[in-house]
2 protein chains.
Amino acid sequence: MTLNYTKPIEQAITSSDKTLLSIRYAIVEGDIASGSKLSETELSTKYGVSRAVIRESINRLETCHLVERKANVGARVVSLTPDGLIELYQIRESLEGMAARLAAKNMTSEEIAELNQLLETHAEKVKQEGSYYQEAGDVDFHYRIILGCKNKQLISLLVDGIYHLVRMYRVQLGMSGPRITTAFDEHKSIVRAIENKDEELAEMLMRRHITYSKNNIANKLA
Amino acid sequence: MTLNYTKPIEQAITSSDKTLLSIRYAIVEGDIASGSKLSETELSTKYGVSRAVIRESINRLETCHLVERKANVGARVVSLTPDGLIELYQIRESLEGMAARLAAKNMTSEEIAELNQLLETHAEKVKQEGSYYQEAGDVDFHYRIILGCKNKQLISLLVDGIYHLVRMYRVQLGMSGPRITTAFDEHKSIVRAIENKDEELAEMLMRRHITYSKNNIANKLA
DNA sequence: TTAATTAATGTTGTCGACAATTTAGGCCTA
DNA sequence: TAGGCCTAAATTGTCGACAACATTAATTAA
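Throughout what follows, the structure given in this document is the object of discussion. (Residues numbered from 1 in each chain as written. Chains lettered and ligands numbered in written order. Predicted model: local features only at pLDDT ≥ 70, side-chain atom pairs only at ≥ 80, totals over all residues. Heavy atoms only, no water.)

Some thoughts on the interface of chain B and chain A
- Contact with chain B, which involves 34 residues of that partner, is made by 34 residues of chain A.
- Of the roughly 2,900 Å² buried at the junction of chain B and chain A (both faces included), carbon and sulfur atoms supply 48%.
- Seen at the junction of chain B and chain A, the total is 6 salt bridges.
- Counting across the interface, chain B meets chain A through 18 residue pairs in polar contact (both at pLDDT 80 or more).
- For the side of chain B that touches chain A, the secondary structure elements donating two or more residues are helix 3 (51–63), strand 2 (67–70), helix 4 (82–106), helix 7 (152–172) and helix 9 (199–221) of chain B. (Contact = heavy atoms within 4.5 Å. Buried area = accessible area lost by both parts, 1.4 Å probe. Salt bridge = Lys/Arg side-chain N within 4 Å of Asp/Glu carboxyl O. Polar contact = N/O pair within 3.5 Å; in protein donor to acceptor, adjacent residues only side chain to side chain. Helix = DSSP H or I, 4+ residues; strand = E, 2+ residues; numbered from the N terminus.)

Describing the sheet that holds strand 2 of chain B
Residue and element names in this part refer to chain B.
- Strand order in this open sheet of 3 strands is 1-3-2, and the pairing throughout is antiparallel. Only two strands of the sheet have a single neighbouring strand rather than two, namely strand 1 (37–38) and strand 2.
- Across 4 bridges, the pairing between strand 2 and strand 3 (residues 74–77) is antiparallel. Within the sheet, the bridge partner assigned to lysine 70 lies in strand 3 and is glycine 74.
- Set on the sheet, helix 3 makes contact with strand 1, strand 2 and strand 3; between it and strand 2 the angle comes to about 115°. (Pairing = 2+ DSSP bridges. Axes fitted to C-alpha atoms, helices over the stretch in contact; angles between N-to-C directions.)

As for the sheet that holds strand 1 (residues 37–38) of chain A
- Sheet architecture is open: 3 strands sit in the order 1-3-2 (chain A), paired in antiparallel fashion. Sheet topology places strand 1 and strand 2 (67–70) of chain A at the edges, where each strand pairs with a single neighbour.

A short note on the protein's contact with DNA strand D
- Taken together, 20 residues surround DNA strand D, and among them Thr14(A), Ser15(A), Ser50(A), Arg51(B) and Arg55(B) come closest.
- For DNA strand D, a phosphate oxygen lies 3.5 Å from a polar atom in the backbone of Leu38(B).
- Mapped by element, the contributors of at least two residues to the surface near DNA strand D are helix 1 (15–29) and helix 3 (51–63) of chain A together with strand 1 and helix 3 of chain B. (Near = heavy atom within 4 Å.)

Focus on the relation of the copies chain B and chain A
- Under the fitted operation, chain B is carried onto chain A by 0.0 Å of movement along the axis and a turn of 180°, and the coordinates agree to an RMSD of 0.0 Å. The superposition of one copy onto the other is thereby described by a two-fold rotation axis.
- The fraction of interface residues of chain B whose copies in chain A are also interface residues reaches 100%, indicating that both copies meet through the same surface. (Least-squares fit on C-alpha atoms with pLDDT ≥ 70 in both.)

A closer look at the protein's contact with DNA strand C
- Lining the immediate surroundings of DNA strand C are 21 residues, of which Arg51(A), Arg55(A), Thr14(B), Ser15(B) and Ser50(B) lie closest.
- Taking the atoms of DNA strand C that fall within 4 Å of the protein, sugar and phosphate contribute 73% of them.
- Interatomic distance of 3.1 Å between a backbone N/O atom of Asn72(A) and a phosphate oxygen of DNA strand C.
- The separation between a phosphate oxygen of DNA strand C and a polar main-chain atom of Ser16(B) is 3.2 Å.
- Of the residues assigned to the surface near DNA strand C, the class counts are 7 nonpolar, 8 polar and 6 charged. (Nonpolar A, V, L, I, M, F, W, Y, C, P; charged D, E, K, R; others polar.)

Regarding the nonpolar core
- One finds Ile145(A), Leu154(A), Ile194(A), Ile145(B), Leu154(B) and Ile194(B) to be the most contacted residues of the largest nonpolar core, which totals 122 residues.
- When residues no more than four places from it in sequence are discounted, the contact partners of Leu154(A) are Leu95(A), Met98(A), Ala99(A), Leu102(A), Cys149(A) and Ile91(B). (Core = buried A, V, L, I, M, F, W, Y, C linked by side-chain atoms within 4.5 Å. Buried < 20%, exposed > 50% of the residue type's maximum accessible area, 1.4 Å probe, protein only.)

Quick word on unusual backbone geometry
- Of note, Lys197(A) is a non-glycine position whose phi angle comes to about 55°, a positive value.
- Locating Lys197(A) in the fold gives a position in the loop between helix 8 (180–195) and helix 9 (199–221).

Topic: the side chain of Glu56(A)
- Within the secondary structure, Glu56(A) is located in helix 3.
- Excluding anything up to four places from it in sequence, Glu56(A) contacts Ser16(A), Arg55(B), Asn59(B) and Arg69(B).

Re helix 5 (residues 109–128) of chain A
Residues and elements named next belong to chain A.
- For helix 5, with 20 residues, the first-to-last C-alpha span of 29 Å sits near the 28 Å given by 1.5 Å per residue.
- Among the residues of helix 5, Ile112, Leu115, Leu118, Leu119, His122 and Val126 are the ones counted as buried. Looking down the long axis of helix 5, one finds its buried residues gathered within 110° of arc, a one-sided arrangement. Exposed side chains of helix 5 directed beyond 90 degrees from the buried face belong to Ser109, Glu110, Gln117, Glu120, Lys127 and Gln128. (Expected span 1.5 Å × (residues − 1). Arc of directions from axis to C-beta.)

Remarks on the packing of aromatic side chains
- Under the criterion given, the structure shown has 0 aromatic pairs over all chains.
- Positioned above the aromatic ring of Tyr89(A), the side-chain terminus of Arg92(A) is 5.1 Å from the ring centre. (Phe/Tyr/Trp six-rings, centres within 6.5 Å; stacked < 30°, edge-to-face > 60°. Lys NZ or Arg CZ within 6 Å of the ring centre and 35° of its normal.)

Interpretation note: all reported values are geometric properties and have no functional meaning in isolation.
Right, here's the structure in full:
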């Protein structure tokens, strides 16, 4: 369930990093309520580290737009609103559309093959369980296309930044629903566009796909 | 020259904030060379503050992709490369394209009037001086459209994040050149699309505009 | 009673010192 | 001389304490 979408193996993990991961997970999962205040001293005792590392964690969380800080006042977990969701999905549409375009241009044939393989796995799961697909499966699909764009800054923007907030909305609004098979077909056509190196189409289909997804979620809020 | 594109008047300015602004300015202007190492102790003495505030500043600079940090090793100013420039402009194209689309949808008639006024001012300047336009003028134009999109997260992403890096490339590669009047015409047609509330066209024209700009710069590197 | 001012409390911002890790240099060995 | 190992210096990571600020409670005046 917990797919680890952090940076590659790389270097030493500092205490700050671990704390960041813990707090971020707690926020995304809703263990720390959205809109609630983040007390530095409280978190400090809770996670058994000094205020300095809590401070650093909060700073980094601000980067992902998961918390908001005011000078001399403190940090609050971002609150989930319909408007915020729409804003977020407009950004996703824009950025992931570009990612799909670049993926069509830059993905290797091996990567495309793996993508097809992933789709088949999903097709199986849809037939059997039906429900598992949405959460991990959809994230995984989008994640691979993002990586396929080969634009490091864009990848960082999406993976380190926006995606955590996307997951937060998903988890806390309890996504799932009847879009399962529909989304699957959309995924399939996106991959086909990438196979054909049709940048224009890949971008357009990805944008449509995300728009549909947005509407689906927005309906649940209304 | 120094247009202050920081957040609205708002709240108290802490020592960390001031230091952040100073260091960021130094990096964008090239006073701190791109690719060079950022020593915490050194900066600490240079700016007359403790290492804690330097640390916080560096953290925030990482958000704008202006510096890169490695655990237990330190931070370096990002190095300017042709690949990096292309990556950056792909993101700009995507995000500012969306901003233009949303601006066509959401800008008030007063804002559009101001935008037209700005264009006239630029037209005058182009006739007279010719050269001043590019730097401040172009930035100002794009800035207004970004604000006009009314998507707070998108605005933050562009203004607090990406735009500093854009300016850094501009300054240090010595932009200017013969695109002045061409860019002006492009600006004009973008505004016209926004006036007509033609979202599709506004986005497309903005994307083209940025692509041209990218090619212009890329040629200078090649 | 209400409003404003002031005192008290708690939180964030900043600092200097210590611990852990990396990096540089010298030393020894083959 | 080249290469690896070990020691020493420097840098980053973490900590606890103090200062500055914001919030709340108490007090006083109208």
